[in-house]
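Listed here are the chains, written in short residue letters.
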Amino acid sequence: MKSFDSIDLFAPLKKALKQLKYEIPTPIQAQTIPPAIDGIDILGCAQTGTGKTAAFALPILDFLGHEEPPVKSKRPVSLILAPTRELAIQISQSFAEYGKHMRFSQALVYGGVSQGKQIAALKRGVDVLIATPGRLCDLMQQGHISLDSVEIFVLDEADRMLDMGFLPDLRKIMAALPKKRQSLFFSATLPPKSRQLAKELLFNPVSINVTPESPSVERIEQKVVLLEKAKKFGYLDEVLSGKSVDRTIVFTRTKRGANQVAKKLNGVGIRAVAIHGNKSQNARERALAEFRRKKVTVLVATDVAARGIDIDGVSHVINYDMPVEAESYVHRIGRTGRAGAEGIAISLCTPTEKEELLAIEKFIEQRLECDEPFGPIRFVNAPKKKQGGSRSRGGSRGRNNRKGRSGASASGSKPTRNSSAKRRSQKSRRKPAAAR
Ligand code: AMP
């Protein structure tokens, strides 16, 4: 595997990467960064935990470092859209880390807090704007921001954005972007709706799919515990009292469930905090900070709230309730086993959750090891093995999807090559994008 030294990155970025002890690019970084710094559009199928933040942040910072585009009031040079505030904040922190030896400005725009500071930051002008779709649309409508100077646009966790109902906002945002731009699209999975969105957004993209061989998920030891509902909490308590348990994320299906489990855990002396959409922005940030500092060792979360949580050293993920959508299983267990560490994922499955278990096994094309610590469970001794790979993930390996691209933009017209690529291709240090 090549090191970061072999990638032609702006020197201050390399210095920061050294300090962060990033030596070898992860697969998504190795495949994304070189074409992205050449100004080429990217269709990346990768989940959180694979290093995708650096895969898009480094090319953007490289562009800012080399090109030094002028900072204009209300007109960001690059835009990163993320589905949740938590993810937006984490992306912003990553930009700050990677870009700490260079001059650039960034701002965050998300809902749930007052607009004042966000508007002031936009007015001063920023190189990098990281935003959630709803608040960005509000600020666009009010005239506090224009996207007509965006050179590089990143859509992160596109599948989750669609699940969260952001499509109308995404369309407004895409329509406001200039036609000459570079777009980077990342999605953990590529169901037809995401694929369609990618098609509208991207022009001749390089397709990268690292999901099937995601090293983080492979390192995770997965186990299913078959038990009656009444035994769930006792079992959870037992697991969390074990010596090897460090930081744990417990997933529940509902917000109410998350509150109840957190309360019961605190009742038995295990420091836990719930994180879900009903909590205020401050409460969610406080919960994450406490979890990071190990003031609490258990985070009890719902799927949406936990999406994009970027905390290393999560030893266990426990599915207190089986995920309703099979895809969420992969997102959930991906919270552990990050950055090369090993992790354990335990799913508590009651007789009524059999269907969910079967759907997960079919989705991941793998039979999960089942344990019955309280004796045989009526519904099944061993879940039925999946039938064929009808729902294999991704499937966009290779570059076939670059053929026959319509090239239609969100507004219906054909986008032209982006200006950043053109400028970069003029420089001898970069291979002209057109010569690929
Ligand atoms: P991400 O998928 O961007 O959320 O990154 C997952 C974790 O991997 C984060 O904690 C990053 O700091 C870490 N990471 C990303 N790239 C590398 C790398 N090349 N070497 C070591 N750690 C990395």
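Residues numbered from 1 in each chain as written. Predicted model: local features only at pLDDT ≥ 70, side-chain atom pairs only at ≥ 80, totals over all residues. Heavy atoms only, no water.

Draft legend 1. The overall build of the protein chain, seen in detail. Of regular secondary structure, the protein chain possesses 17 helices and 14 strands. Taking all 436 residues of the protein chain together, the buried fraction comes to 56%. Considering only intrachain contacts with a sequence separation of at least 6, the fraction spanning at least 24 residues in the protein chain is 77%. If you sum the accessible surface of the protein chain, you get close to 18,500 Å²; carbon and sulfur atoms cover 49% of it. (Helix = DSSP H or I, 4+ residues; strand = E, 2+ residues; numbered from the N terminus. Buried < 20%, exposed > 50% of the residue type's maximum accessible area, 1.4 Å probe, protein only. Contact = heavy atoms within 4.5 Å. Areas by Shrake-Rupley, 256 points an atom, 1.4 Å probe, with all protein chains shown as cover.)

Draft legend 2. A look at helix α6 (residues 133–141). All buried positions along α6 are accounted for by Pro133, Arg135, Leu136, Cys137, Leu139 and Met140. Taken together, the buried residues of α6 touch β2 (78–81), β3 (106–109), α5 (116–124), β4 (128–131), α7 (158–163) and α8 (167–176). Downstream of α6 by a residue or two, Gly143 has a phi angle that is positive, lying close to 80°.

Draft legend 3. Spotlight on the state of the cysteines. With the rule as written, the count across this model stands at zero disulfides. We note that Cys349 lacks a disulfide partner, and the nearest cysteine sulfur, in Cys370, lies 7.2 Å from it. Among the residues examined, Cys370 registers a relative accessible area of 26% and is labelled partly exposed. (Disulfide = S-S within 2.5 Å.)

Draft legend 4. Up close: the site of the ligand. Around the ligand there are 15 residues in total, and Tyr22, Gln29, Gly49, Gly51 and Thr53 lie nearest to it. In the environment of the ligand, a nitrogen atom lies 2.9 Å from a nitrogen or oxygen atom belonging to the backbone of Ile24. Between Thr50 and the ligand, the recorded distance is 3.1 Å, taken from a backbone N or O atom to an oxygen atom. Here the ligand, which alone exposes 500 Å², has 84% of that area covered by the protein. Here the shell around the ligand is built from residues that sort into four nonpolar, seven polar and four charged. When residues of the shell around the ligand are assigned to domains, at least three fall in each of domain 1 (4–211 + 389–435) and domain 2 (220–371). (Near = heavy atom within 4 Å. Polar contact = N/O pair within 3.5 Å; in protein donor to acceptor, adjacent residues only side chain to side chain. Nonpolar A, V, L, I, M, F, W, Y, C, P; charged D, E, K, R; others polar. Domains from an automatic or database assignment.)

Draft legend 5. Broad picture of the sheet that holds strand β9 (residues 247–251). Ordered by their spatial adjacency, seven strands build an open sheet running β10-β11-β9-β12-β13-β8-β14, and the pairing between neighbours is parallel. Of all the strands in the sheet, just β10 (272–275) and β14 (369–371) have a single pairing partner and so form its edges. Going across the sheet, the axis of each strand differs from the next one's by a mean of 20°, ignoring polarity. Note that β9 and strand β11 (residues 298–301) share four bridges and pair parallel. Bridge pairing links Phe251 to Ala301 in β11. Sheet strands touched by helix α12 (residues 255–267): β9, β10 and β11. Its angle to β10, the strand with the most contacts, is close to 170°. (Pairing = 2+ DSSP bridges. Axes fitted to C-alpha atoms, helices over the stretch in contact; angles between N-to-C directions.)

Draft legend 6. Representation of the nonpolar core within the structure. In this structure, Phe56, Leu58, Leu64, Ile80 and Phe95 are the most contacted members of the largest nonpolar core, which totals 41 residues. Elements supplying a minimum of two residues to this core: α1 (11–19), α2 (27–37), α3 (52–67), α4 (85–98), β4, β5 (152–155), β6 (182–187) and β7 (206–209). Looking at this core, the element that brings in the most residues is α3, giving nine residues. Here Phe95 is in contact with Phe56, Ala57, Ile60, Leu61, Ile80, Phe104, Gln106, Val128 and Ile130, once residues within four sequence places are set aside. Grouped together as the second largest cluster of nonpolar side chains are 35 residues, Cys45, Ala121, Leu129 and Leu155 included. (Core = buried A, V, L, I, M, F, W, Y, C linked by side-chain atoms within 4.5 Å.)

Draft legend 7. Spatial organisation of the pairing of β11. Because side chains alternate across β11, one face comprises the buried residues Val298 and Val300, and the other comprises Leu299 and Ala301, equally buried. Examined bridge by bridge, β10 and β11 share four bridges and lie parallel to one another. When the sheet's bridge partners are listed, Ala272 is paired in β11 with Val298. In terms of handedness, the path from β10 via helix α13 (residues 281–292) over to β11 forms a crossover that is right-handed. (Right-handed = clockwise from strand over helix to strand, strands pointing away.)

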